[in-house]
Amino acid sequence: MPRSLPRRAAGAFASALLAATTLTALAHSATAADGTLGSAAAAKGRYFGTAVAANHLGESAYSGTLDREFNAVTPENEMKWDATESTRNTFTFGAADQIVSHAQGKGMKVRGHTLVWHSQLPSWVSGLGAGDLRTAMNNHITQVMQHYKGKIYAWDVVNEAFQDGSSGARRSSPFQDKLGNGFIEEAFRTARSVDPDAKLCYNDYNTDGVNAKSNAVYDMVKDFKARGVPIDCVGFQSHFNSASPVPSDYQANLQRFADLGVDVQITELDIEGSGTAQANNYANVVKACLAVTRCTGLTVWGITDKYSWRSSGTPLLFDSNYAQKPAYAAVLTTLGGTGGGDGGGGNGGDPAAACTIAYARTSDWNDGYNGEVTVTAGAAPITGWTVTLTFPSGQKVSALWNGSPTWNGDVATVRSTYNGNLAAGASTSFGFTVMKNGSSTAPTLGTCTAS
Ligand code: G2I
């Protein structure tokens with residue numbers, strides 16, 4: 001039901017808008033859930049990690065979010081060949097060391113990424129002849145792994161060695177072209193000899209469902225296991241968008257690899273999109289990992305949309321102001337985080353009906369904006385939900401859909417209509433159009449109550 005509120009004087013408009021802009025981030029970050037990704041995943045025997053860039057660690061919102069939410073890290077670029085050995089046999093570990101010591105100080109796992117990859121490879125490597133290249137590859141693996149010995153949970157020993165498409169062939173690279181198929185096996189054998197305690201992974205993209213490329217990787221892993229080539233895990237990067245959606249056989253694909261006797265890990269998860277659609281895709285990925293006993297953890301490829309390698313696709317769990325997105329609430333709830341279970345005070349019986357909420361601004365124009373609240377059911381199915389929201393005074397809600405509001409001053413109590421029945425972990429959303437009347441500040445999220 002629309003409210004009528006006094007129009008602001010035109011002169012107040014500019015300063016109100018300025019103030020509103022700075023307040024938006026704070027208002028967005030309200031959420032009814034108080035668990036964290038890392039602790040919720042840990043309760044399920046998994047880690048929840050993120051890619052980290054050393055040059056952002058000094059930003060307090062960045063490291064604050066990292067330290068609060070995650071219990072594993074992967075250096076996004078700092079351990080790659082061009083970063084660690086840009087000149088032959090001169091090793092540079094400064095930036096990677098910064099990440100590793102930060103992680104160690106907080107008790108986080110570290111995934112090492114990556115030892116042998118065709119990309120971000122210095123030109124001196126591609127210029128070598130076969131014999132020299134073999135020596136250089138083994139030396140690189142040895143020096144880097146030796147430096148981090150005892151500090152790395154799992155190494156991406158070889159990254160992206162297979163071609164896309166239907167051929168199932170190995171990708172052309174200096175290693176493949178000069179050393180042949182055997183370079184992968186040799187890299188794993190060298191890696192095992194250097195740090196026998198680190199898990200050794202093969203990592204790739206477009207291998208997330210059952211397809212020609214994942215079949216080729218599957219055959220390789222099967223062969224390695226049969227012949228005793230040391231391999232412990234397979235990483236599924238899981239970079240998704242509308243052209244490359246979460247495959248319907250994602251869980252089945254993880255399971256068939258696990259059945260070969262390796263751990264599986266989601267290593268570079270990001271899903272382009274926004275709102276409920278993005279949230280549901282994230283929830284499906286988390287569900288799949290939880291359903292596969294040997295899926296030991298998930299890593300998202302960055303903390304905030306601001307620094308994503310594909311920032312314009314807003315693929316991560318925190319927006320560019322570090323506010324939690326609907327996808328965050330969906331992941332947390334699917335992991336059984338607070339708000340989704342019995343709060344830890346229960347009697348071990350069925351989880352109580354509960355829900356979490358997250359807010360996103362879906363469009364914005366001169367004098368108005370559209371907002372969307374995503375409601376995610378907790379660990380039990382629910383039959384109805386009630387959400388409270390407080391709008392900044394001056395704003396006028398001109399339309400509200402997929403929910404039924406009652407008003408008390410600036411506070412809206414929105415109840416489910418046709419969309420109250422949600423399976424455990426499932427999401428729905430309601431939306432509204434707001435006339436700014438001088439204030440662009442987002443509404444403050446209150447509580448989500450489920451029945
Ligand atoms: O491309 C996405 C990922 C696919 N799987 C392997 C990952 O290692 C890869 O990560 C990305 C990083 O997220 C980017 O940050 O790898 C890219 C390079 O292949 C990284 O981009 C590079 C830029 O190309 C460089 O220009 C830049 O100097 O990041 C560097 C550091 O910011």
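Values in this document were obtained by computation on a predicted structure and should not be read as measured data.

Moving on, we come to unusual backbone geometry. Note the cis peptide between His-113 and Thr-114, where omega equals 0°. Its identity is not glycine, yet Gln-120 carries a phi of approximately 50°, on the positive side. Take Gln-120: it is sitting in the loop between strand S3 (109–116) and helix H6 (123–126).

Let us look at the state of the cysteines. Throughout the structure, instances matching the rule amount to three disulfides. Here Cys-201 is linked by a disulfide to Cys-233, with a sulfur-sulfur distance of 2.0 Å. Between Cys-201 and Cys-233 the sulfur-sulfur dihedral comes to about -85°; the bridge is accordingly left-handed. Here the residue Cys-201 occupies a position in strand S5 (residues 199–204), and Cys-233 occupies one in strand S6 (residues 233–236), the gap between them amounting to 32 residues. Take Cys-201: its relative accessible area is 0%, and that puts it in the buried class. Here Cys-233 falls in the buried class, since its relative accessible area comes to 0%. Across a sulfur-sulfur distance of 2.1 Å, Cys-355 and Cys-448 are joined as a disulfide pair. Linking Cys-355 and Cys-448, the disulfide has an S-S dihedral of approximately -110° and is accordingly described as left-handed. Taken together, the positions of Cys-355 in strand S10 (residues 355–365) and Cys-448 in strand S17 (residues 444–450) put the pair 93 residues apart, joining distant regions of the chain.

Residues in contact with the ligand amount to 14 residues; listed here are only the nearest, Glu-76, Lys-80, His-113, Glu-160 and Glu-268. The contact in question runs from an oxygen atom of the ligand to an N or O atom on the side chain of His-113, over 2.7 Å. A distance of 3.0 Å is found between a nitrogen atom of the ligand and a side-chain nitrogen or oxygen belonging to Gln-237. Isolated, the ligand exposes 630 Å² of accessible area, and the fraction of that covered by the protein chains is 56%. Looking at side-chain class alone, the shell around the ligand contains three nonpolar, seven polar and four charged residues.

Turning to helix H5 (residues 94–105), a few remarks are in order. Here H5 is 12 residues long and its end C-alpha atoms lie 16 Å apart, about the 16 Å a rise of 1.5 Å per residue gives. Looking at the packing, one finds that the buried side of H5 touches strand S1 (47–52), strand S2 (72–75) and S3. Positive backbone phi, at 70°, marks Gly-107, one or two positions downstream of H5.

Summarising the model, the chain shows a mean pLDDT of 90, and 90% of its residues fall at 70 or more. Every residue in residues 1–34 is under pLDDT 50, and counting partners more than four places away or in other chains gives 54 contacts. Taken as a whole, residues 339–348 scores under 50 in pLDDT and shows 15 contacts with residues more than four places along the chain or in a different chain.

Attention now goes to the pattern of salt bridges. Overall, the coordinates contain 19 salt bridges when judged by the stated rule. In this structure, the salt-bridge partner of Arg-192 is Asp-232, at a minimum N-O distance of 2.9 Å. Here Arg-192, found in helix H9 (residues 182–194), pairs with Asp-232, found in the loop between helix H10 (212–227) and S6; they are 40 residues apart in sequence, far enough to count as distant. The exposure class of Asp-232 is buried, given its relative accessible area of 18%. Taken together, the salt bridges that share partners define one network made up of Glu-185, Arg-189, Asp-223 and Arg-227.

All right, on to the packing of aromatic side chains then. This model, assessed by the stated rule, comprises 20 aromatic pairs. Considering the side-chain rings of Tyr-218 and Phe-257, the 5.4 Å spacing of their centres and the 85° angle between planes classify their relative orientation as edge-to-face. On the criterion of sequence distance, the pair formed by Tyr-218 in helix H10 and Phe-257 in helix H11 (residues 250–258) is long-range, its members being 39 residues apart. Of the two residues, Tyr-218 and Phe-257, neither departs from the other in class, the shared state being buried. A ring pair is formed by Phe-391 and Trp-407, whose centres lie 5.7 Å apart and whose planes are at 50°; its orientation type is tilted. Taken together, the residues Phe-391 in the loop between strand S12 (385–390) and strand S13 (396–401) and Trp-407 in strand S14 (residues 404–408) connect sequence positions 16 residues apart. By relative accessible area, which is 2% here, Phe-391 ends up buried. Members of the aromatic cluster, connected to one another through ring pairs, are Tyr-359, Trp-385, Phe-391, Trp-407, Phe-430 and Phe-432. A cation sits over an aromatic face here: Lys-109 above Tyr-153, 4.9 Å from the ring centre.

Now for the pairing of strand S9 (residues 295–300). Of all six residues making up S9, six are buried, and the element is well covered by its neighbours. For S1 and S9, the ladder comprises four bridges, and the chain directions are parallel. Each residue of the ladder has a partner; that of Tyr-47, found in S9, is Gly-297. With helix H12 (residues 275–291) bridging strand S8 (residues 263–271) and the parallel S9, this β-α-β connection has right-handed handedness.

Scoring rules and cut-offs
- All residue numbers here refer to positions counted from 1 along the written sequence of the relevant chain.
- The model is predicted, so local features are restricted to residues of pLDDT at least 70 and side-chain atom pairs to those at 80 or more, both for listing and for counting; the totals for chains, interfaces and linings are taken over all residues.
- Hydrogens and water molecules were not included; the side-chain quantities draw on all heavy atoms of the structure.
- Strands here are runs of E lasting at least two residues and helices are runs of H or I lasting at least four, both read from the DSSP assignment and numbered beginning at the N terminus.
- The term disulfide is used for any two cysteine sulfur atoms that are within 2.5 Å.
- Using a 1.4 Å probe on the protein chains alone, a residue whose accessible area is under 20% of its type maximum counts as buried, one over 50% counts as exposed, and one in between counts as partly exposed.
- Any residue with a heavy atom positioned within 4 Å of a molecule or strand is treated as near that molecule or strand.
- Polar contacts here mean pairs of N or O atoms no more than 3.5 Å apart (in protein, one a potential hydrogen donor and the other a potential acceptor; neighbouring residues in sequence count only if both atoms are side-chain atoms).
- Residue-level accessible areas treat just the shown protein chains as cover; the underlying method is Shrake-Rupley with a 1.4 Å probe.
- Polar here means any residue other than Ala, Val, Leu, Ile, Met, Phe, Trp, Tyr, Cys and Pro, which are nonpolar, and Asp, Glu, Lys and Arg, which are charged; Gly is therefore polar.
- Here a helix's expected span is defined as the number of its residues, less one, multiplied by 1.5 Å.
- Any two residues having at least one pair of non-hydrogen atoms within 4.5 Å are treated as being in contact.
- A residue's pLDDT is the predictor's confidence in that residue, given on a scale from 0 to 100.
- Between Lys or Arg on one side and Asp or Glu on the other, a salt bridge is scored when a side-chain nitrogen of the former is within 4 Å of a carboxyl oxygen of the latter.
- Between the rings of Phe, Tyr and Trp (Trp by its six-membered ring), a pair exists once the centres lie within 6.5 Å; its type follows the angle of the planes, with under 30 degrees stacked, over 60 edge-to-face, and the other angles tilted.
- As a reminder, the over-ring test applies to NZ of lysine and CZ of arginine, requiring each to be within 6 Å of the ring centre and within 35 degrees of the ring normal.
- Here a strand pair is declared whenever DSSP counts at least two bridges between the two strands.
- For a crossover, the right-handed case is the one in which the path from the first strand over the helix to the second runs clockwise, viewed with the strands pointing away from the viewer.

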